[in-house]
Amino acid sequence: MKNPIIILLILVAFKVNGQGLFFIGEKSFISTEGFNLKSNSDEIFINDLEIKFVKDETNKMIALTTKTKDVNFAGKLIIYLDNGMVITTSRESIFDYVDKFALAIFYLTDDDFSKLKNHNINTIKYSLKNEYGSDGSFGGNFSASNKSKVDFPVIISEFYKN
């Protein structure tokens, strides 16, 4: 009887801290909960974008997930902030496609992180490509916006404070 109680307490502790896990390829990362950005596309096959902030021992990253059909994230990520600044990811990234979901992690530089910590995300622009690197029927360049006005600087500051 003790084991189920201990497991329950551990699960509650993860939920209270607002932390979870993000799985991609053969890796997993500690993450925030997911936040939905509303797609700006009128294409029926483009869904909203879920973002999470993730970390490991030395890196700060942003993770993206969206339901797609036979396309995956590709290239760099462009983040437009409410103050007019633009972040273009320049470090490495990881892409995966599982169960009709495109997954990506984009590593952030210290400068990227500083901007995100002090200014809210307005819109994110991303590319989806098929396995041959072309748009195909369901790929292209798309964007999603923070229409619910999630306060990302507060979330980022809290998540990365340890």
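Predicted model only: the values in this text are computed from it and were never measured. (Residues numbered from 1 in each chain as written. Predicted model: local features only at pLDDT ≥ 70, side-chain atom pairs only at ≥ 80, totals over all residues. Heavy atoms only, no water.)

1. Details of the packing of aromatic side chains
Any two aromatic rings considered together are summarised by their centre-to-centre distance and by the angle between their planes. Note the cut-off: Only centres within 6.5 Å qualify two rings of Phe, Tyr or Trp (six-membered ring in Trp) as a pair; their planes then separate them into stacked at under 30 degrees, edge-to-face at over 60, and tilted for everything else. To qualify as a helix, a DSSP run of H or I must reach at least 4 residues; to qualify as a strand, a run of E must reach at least 2; elements of each kind are numbered from the N terminus. Remark: exposure states derive from per-residue accessible area (1.4 Å probe, protein chains only) relative to the maximum for the residue type, with buried under 20%, exposed over 50%, and partly exposed in between. Definition used: whenever NZ (Lys) or CZ (Arg) falls within 6 Å of the ring centre and also within 35 degrees of the ring normal, the charge is taken to sit over that ring.
Across all of its chains, the model carries seven aromatic pairs by this definition. Summarising the aromatic geometry, the rings of Phe 113 and Tyr 160 are spaced 5.0 Å apart at their centres and angled 85° between planes, so their arrangement reads as edge-to-face. Pair noted here: Phe 113 is in helix α2 (residues 110-118) and Tyr 160 is in the segment after α3 (152-159), with a separation of 47 residues, a long-range link. On the basis of relative accessible area, Phe 113 is assigned to the buried category, the value being 11%. We classify Tyr 160 as buried; its relative accessible area is 11%. Clustering of aromatic rings is evident, with ring pairs tying together Phe 35, Phe 53 and Phe 152. Between Lys 55 and the ring centre of Phe 159, over which it is positioned, the NZ or CZ distance is 4.4 Å.

2. Remarks on the confidence of the model for the chain
Short version of the rule: For every residue, the predictor assigns a confidence score, pLDDT, that lies between 0 and 100. By the convention used here, residues are in contact when the closest approach between their heavy atoms is within 4.5 Å.
Per-residue confidence for the chain averages 87 on the pLDDT scale, and 88% of its residues sit at or above 70. This model gives residues 5-17 a pLDDT under 50, and the stretch forms one contact once residues within four places in sequence are excluded.

3. Some details on the environment of Phe 73
On the secondary structure map, Phe 73 appears in strand β6 (residues 72-81). With a relative accessible area of 3%, Phe 73 lands in the buried category. In contact with Phe 73, other than residues within four places in its own chain, are Leu 49, Leu 64, Thr 65, Thr 66, Phe 95, Ala 102, Leu 103, Ala 104, Tyr 126, Ser 127 and Leu 128.

4. A look at the side chain of Thr 65
Structurally, Thr 65 can be placed in strand β5 (residues 60-67). Using a relative accessible area of 12% as the deciding quantity, one classes Thr 65 as buried. When residues no more than four places from it in sequence are discounted, the contact partners of Thr 65 are Phe 22, Asp 48, Leu 49, Glu 50, Phe 73, Phe 101, Ala 102 and Leu 103.

5. Quick notes on the nonpolar core
Inside soluble globular proteins, nonpolar side chains tend to come together where they are buried. What counts is decided by this rule: Throughout, nonpolar core names a set of buried Ala, Val, Leu, Ile, Met, Phe, Trp, Tyr and Cys residues whose side chains join them through atoms within 4.5 Å.
Ile 51, Phe 53, Ile 62, Ile 124, Tyr 126 and Phe 152 are the most contacted members of the largest nonpolar core, which totals 32 residues. If near-sequence neighbours (up to four positions away) are discounted, Ile 124 is found in contact with Leu 37, Leu 49, Ile 51, Ile 62, Leu 77, Ile 78, Ile 79, Phe 142, Ser 143 and Ala 144. Ile 24, Val 54, Met 61 and Ala 63 belong to the second-largest nonpolar core, a separate cluster that totals ten residues.

6. Thoughts on the environment of Ser 31
Residue position: Ser 31 is located in strand β2 (residues 27-32). As for Ser 31 and Val 54, which are separated by 23 residues in sequence, their C-alpha atoms are 4.2 Å apart.

7. Overview of the pairing of strand β11 (residues 140-145)
Basically, it comes down to this: In short, DSSP must find at least two bridges between two strands for them to pair.
Examined bridge by bridge, strand β3 (residues 35-39) and β11 share two bridges and lie antiparallel to one another. Residue pairing across strands places Ser 39 opposite Ala 144, the latter belonging to β11. Where strand β10 (residues 121-129) lies against β11, six bridges are found, and the strand directions are antiparallel. Opposite Leu 128, over in β11, you have Gly 140 as the bridge partner.

8. Here we look at the packing of α2 against α3
Rules: Note on geometry: axes are lines fitted to C-alpha atoms, helical ones only across the stretch in contact, with angles between N-to-C directions running from 0 to 180 degrees. Should an angle fall under 35 degrees it is taken as roughly parallel, and over 145 as roughly antiparallel, whereas 65 to 115 is taken as roughly perpendicular and any remaining angle as oblique. Note on residue classes: Ala, Val, Leu, Ile, Met, Phe, Trp, Tyr, Cys and Pro are nonpolar, Asp, Glu, Lys and Arg are charged, and everything else, Gly too, is polar.
Where α2 meets α3, the closest approach of the two axes is 6 Å, and the angle between their N-to-C directions is 120°. Overall, the two elements α2 and α3 adopt an arrangement that is oblique. Residues Phe 113, Leu 116, Lys 117 and Asn 118 of α2 pack against Pro 153, Ile 156 and Ser 157 of α3. In the contact of α2 with α3, the residues fall into four nonpolar, two polar and one charged.

9. So, a nonpolar patch on the surface
Put simply, the test is: Think of a patch as exposed residues, more than 30% relative accessible area, with no salt bridge, where like charges cluster within 9 Å and nonpolar side chains (Val, Leu, Ile, Met, Phe, Trp, Tyr) cluster within 5 Å. With residues, only the protein chains shown are counted as cover, and all accessible areas are computed by Shrake-Rupley using a 1.4 Å probe. For this document, the term salt bridge refers to a Lys or Arg side-chain nitrogen within 4 Å of an Asp or Glu carboxyl oxygen.
Together, Leu 21, Phe 23 and Ile 30 give the surface a local cluster of nonpolar side chains, amounting to about 280 Å² of exposed area. With respect to the helices, strands and loops of the structure, Ile 30 is situated in strand β2. For Ile 30, a relative accessible area of 35% translates into the label partly exposed.

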